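Coordinates in review
Here's the letter readout for the chains.
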Amino acid sequence: MMKRLRLLLATATGAALLLGGTGLQAANAAGSDFNGAASSDAYVPLDKEIQVTVTLKLKDPGTATGVTGTVTPPGKADKPVAFGDWAKSGSEAPVSGTFAIGKDDPAGDWKLNVRVARGANTGDNSFTIKVTAKQGITAASVTPSPVKLRKGKDVKVTVQATANGASTVSAKLVSDDTGEYYDLGALDSNNDGTYSGVTYMADDSTPGAWTLEVYAARAGQTLKGVASFTVEEPTGGVSKKAKAKITLQAPAKAGYGKGFKVSGKVVRGSAAYKGAEVEVYFKAKGTKKYKLMGLTTATSTGKYAKTFKAAKDGYWRAKVEATSKTRSALSPQDFVDVK
């Protein structure tokens, strides 16, 4: 059931509305000084002017003595493009320029004109740069709604969100009354602007009003969206087991075939969960099932760590199984980009 969605701009932490697309390609040059297309990640910002980079492949860079340019938004005046230095050797070399985009600039096709000086001669080259409009979170929901807790059981809860232009989208479920939360970490990207994730709520979760918090991040800017849902207490009361929590940290990027560390901490009640057996799972991007990758044991301080070899982009998470005295715990999932 879809619940109300509100978007919040967190200015106190420097967060801003998420905007733009990634790796947008411009049209081929009309002139002859460059090979192929120009590339730019260009978008209209929410609240402040940003500097955008455009990169081109300069032919015969050793003969070029200067590169200058302008970019023209639809219906507006030209803006200067400042180009930097380039390598003078080889048959071609990348050359990059920067220009400003403000919150009141239009999205759409911007015309880029680049002039290349070679001694006494100057060549004109034309490109079209696609500038993406302001974008953000447009939907968020929790299933089931309401969440009906079950005595002695963990209830599966699925989160769905729609966010345009995000590099990562994460989510939390937070009790309005106590601040208790379930951190889902990075949501799965479905490659169509939708994201999803799963967590499990224990029978001793706080009943009442809860909030789904969705965070869409890109280029250091984060947009927060919220939606409301309700949690109902279990029939027959709550089972008497200690609550456990487990965290997980993994690098955002890892080199293919290189080792990287997955680590975190396990807590039971308010103390370190010494000797807890931790299961580490991996799910390749675009797939639905997690695979057990290895086991490790928490130290006397509750910390755990295990090293893996980077092979595929995907999501990592850790789990502690339930015992007769302790509840199970599932970490947030973390995405690792393998290069």
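Each remark here, short or long, concerns the structure printed above.
For the structure given in this document, a descriptive report is provided here. (Residues numbered from 1 in each chain as written. Predicted model: local features only at pLDDT ≥ 70, side-chain atom pairs only at ≥ 80, totals over all residues. Heavy atoms only, no water.)

Looking now at the overall build of the protein. Helix and strand counts for the protein come out as zero helices and 28 strands. Relative to its length of 339 residues, the protein is extended, with a C-alpha radius of gyration of 25 Å against a globular reference of 20 Å. Oriented by its inertia axes, the alpha-carbon framework of the protein measures out at about 85 × 45 × 30 Å. Per-residue burial over the protein gives 44% buried out of 339 residues. Restricting to contacts in the protein with at least 6 residues of sequence separation, those with at least 24 account for 66%. For the protein, the accessible area works out to roughly 16600 Å², and carbon and sulfur atoms hold 51% of it. (Helix = DSSP H or I, 4+ residues; strand = E, 2+ residues; numbered from the N terminus. Rg over C-alpha atoms; globule rule 2.2 N^0.38 Å. Buried < 20%, exposed > 50% of the residue type's maximum accessible area, 1.4 Å probe, protein only. Contact = heavy atoms within 4.5 Å. Areas by Shrake-Rupley, 256 points an atom, 1.4 Å probe, with all protein chains shown as cover.)

Moving on, we come to the nonpolar core. Within the largest apolar cluster, 28 residues are counted, with the highest numbers of intra-cluster contacts made by Val147, Leu173, Met201 and Leu212. For this core, the leading source of residues is strand β12 (residues 155-163), giving five residues. With residues near it in sequence (within four places) discarded, Val147 still touches Val142, Val155, Val157, Met201, Phe229, Thr230, Val231 and Glu232. Listed in part, the 26 residues of the second largest apolar core include Ile50, Leu58, Val81 and Ile101. (Core = buried A, V, L, I, M, F, W, Y, C linked by side-chain atoms within 4.5 Å.)

Moving on, we come to the packing of aromatic side chains. Going through the model one piece at a time under the given rule, you end up with eight aromatic pairs. When the centroid spacing of 5.8 Å and the interplanar angle of 70 degrees are considered together, the rings of Phe34 and Phe127 count as edge-to-face. Residue Phe34 is found in strand β3 (residues 34-40), and its partner Phe127 is found in strand β9 (residues 121-131); the two are separated by 93 residues along the sequence. With 6.1 Å between their ring centres and 40 degrees between their planes, Phe99 and Trp110 make a pair best called tilted. With a gap of eleven residues between them, Phe99 in strand β7 (residues 92-101) and Trp110 in strand β8 (residues 108-118) connect regions that are remote in the sequence. With a relative accessible area of 1%, Phe99 lands in the buried category. Here the aromatic cluster, defined as three or more aromatic residues joined through ring pairs, consists of Phe260, Phe282, Phe308 and Trp316. The positively charged end of Lys283 is found above the aromatic ring belonging to Tyr315, 5.8 Å away from the centroid. (Phe/Tyr/Trp six-rings, centres within 6.5 Å; stacked < 30°, edge-to-face > 60°. Lys NZ or Arg CZ within 6 Å of the ring centre and 35° of its normal.)

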